[in-house]
Amino acid sequence: MTESVVDLVYHQRRVGMVVWHPTANNILLSAGSDNIVVIWNVGCGEALSTIDAHPDIIYSCCFNWDGSLLLTTCKDKKIRIINPRDGEVFEEATSHEGSKATRAIFLRNGLVFTTGFSKRSERQYSLRAPGHLDDPITMVELDSSNGVMFPMYDPDTNLVYLCGKGDSVIRYFEITPEVPFVHYINTFQLPDPQRGIGMMPKRGVDVTTCEITRFYRLNNSGFCQIITMTVPRKSELFQEDLYPDTPGDIPAVTAEEWWEGQNKDPILMSLKDGYQATQKSELKVTKKKTNILDKMPPTGKVKSEEDGKATAISSEALEKVTEVSKVNDDLRKRIDELQTEMKKFKAVFLKQENRIRTLENKVSEMSGSGGTNASTQQQQQEMVPVTSCYTIHSVRKQPVQGHVVHAPSTLTANTVNNNCDMAPDEV
């Protein structure tokens, strides 16, 4: 297959899960990494509704027997029962206390089977009843392996197969109304680990060999192995206890009827004469002008051309606003730099002004003291002759103020020392 019949475009991130509705025609569920579940009408190629009730990545999604309820598990460790038509959450509870991925499926009788991890990273499985999801009927620890277990359910025999990614075993259990409710049957051992596994619908098994289940298993070598589960019976007659009527390939309701609120159980078929495919016409996508999409809430609509134009205009306006804000930021930064430089210049001016004032004060003081010293020196020269060849030494302990004698500059230290022996009357 190289060409698609229809492209379903809505999710903003990678889509990790798609599930067909069990009874309605052309109803498909998709869940992506954007934490949104979308219900599609493939026949119209349109999204019927979106479910935005999960705060984190969605691990698993499963419809109940008639497709009226949706069971999901999330990274926030919660398990939720949701109305798939309007997204209303009927009930939520903590599934397993471990931080690793959890899985949950609806059983035919309405019970919920979950797999997960404990606080000590031990793998667990549990059986719960709607209305009391927070109180498990039974919870059992299996082992301490770190592979996530994927439960696969056979509604005809009430068998649950646990297949872990990276495991080399397949465990299978039977669900019964007697204690302990989940009965261990056996373990199928393989020599190499498995990378992925899928299960054939019941109408594809070989009833002549008492085959009840067929798995398609991917190993590390890149090969797909076919594993069959058979019940040893010697009789070659049709085993009615192994092959009750099973869901066929005819839808019970149309997409429009299901969207309007009708719920019906799957149409069953007998495998006594083997499976005979019904005549099916090719899927043709017809987008009607008036269809059920007109009744859906605005959150579930796909963007029209006008919305696309509005988005383009808004994006252009946002780019312009971003450019203007960038220019404003540059101008604001330049203004801040200029203000900083002005403050620096102001500080330098104040410093220079204070320095000039200090110098002016010193000059004025020096000019006043210079005149006083000159007059005093002239008076002293008139009192004592300058031609004296000796230094006058006063005998008094207290010097006489106002009598200053200046010796000639040619007087040496020896002359002074020799004159120190004069008597006071000689002076």
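Scroll up a little and you will see the structure.
Residues numbered from 1 in each chain as written. Predicted model: local features only at pLDDT ≥ 70, side-chain atom pairs only at ≥ 80, totals over all residues. Heavy atoms only, no water.

### Some thoughts on the nonpolar core
Rules: Here, nonpolar core means buried Ala, Val, Leu, Ile, Met, Phe, Trp, Tyr and Cys residues that are tied together by side-chain atoms lying within 4.5 Å of each other. The cut-offs for exposure are 20% and 50% of the maximum accessible area for each residue type, with area from a 1.4 Å probe on protein chains only; residues under the lower value are buried, those over the upper are exposed, and the others partly exposed. We count a stretch as a helix when DSSP gives it H or I for four or more residues in a row; a strand needs E for two or more, and each element gets its number in order from the N terminus. The contact criterion used is simple: two residues touch if any of their non-hydrogen atoms lie within 4.5 Å.
With 22 residues, the main nonpolar core has Leu107 and Phe113 as its most contacted residues. Residue assignment for this core shows that the elements contributing at least two residues are strand 7 (78-82), strand 9 (103-106), strand 10 (112-117), strand 11 (123-128), strand 13 (149-154), strand 14 (159-164) and strand 15 (169-175). With three residues, the top contributor of residues to this core is strand 9. If near-sequence neighbours (up to four positions away) are discounted, phenylalanine 113 is found in contact with Arg103, Ala104, Ile105, Leu107, Tyr125, Ser126, Leu127, Pro151, Val160, Leu162, Ile175 and Val182.

### Points about the side chain of serine 126
Definition in use: A 3.5 Å cut-off defines polar contacts: any pair of N or O atoms within that distance qualifies, except that in protein one atom must be a possible hydrogen donor and the other a possible acceptor, and neighbouring residues in sequence count only when both atoms are side-chain atoms.
Structurally, serine 126 is set in strand 11. Engagement of the side chain of serine 126 in a polar contact is seen with the side chain of threonine 114, the distance being 2.3 Å. There is a polar contact of 3.1 Å between the side chain of serine 126 and the side chain of arginine 128. Beyond its immediate chain neighbours, meaning those up to four positions away, serine 126 contacts His96, Val112, Phe113, Thr114, Pro136, Thr138 and Met139.

### With respect to unusual backbone geometry
A cis geometry characterises the amide bond from valine 179 onward to proline 180, with omega recorded as 5°. Along the chain, proline 180 falls in the loop between strand 15 and strand 16 (182-189). A positive phi is found at cysteine 210, a non-glycine position, where the angle reads about 60°. Relative to the helices and strands, cysteine 210 is located in the loop between strand 17 (194-199) and strand 18 (211-219).

### As for the pairing of strand 7
Quick note on the threshold: Note on pairing: two strands pair once DSSP finds at least 2 bridges between them.
Taking burial as the measure, the five residues of strand 7 include four buried ones, the bulk of the element. The pairing of strand 6 (residues 70-74) with strand 7 spans four bridges and is antiparallel. Residue pairing across strands places leucine 70 opposite isoleucine 82, the latter belonging to strand 7. Two successive antiparallel strands, strand 6 and strand 7, enclose a turn made up of three residues, where lysine 77 displays a positive phi of approximately 70°. Two strands pair when backbone bridges link them, and strand 7 and strand 8 (residues 89-94) are joined in this way by five bridges, in the antiparallel orientation. Across the sheet, the residue bridging to isoleucine 79 is alanine 93, located in strand 8. Counting the residues in the hairpin turn of strand 7 and strand 8 gives six residues, including glycine 87, whose phi is positive at 80°.

None of this, on its own, says anything about what the molecule does.
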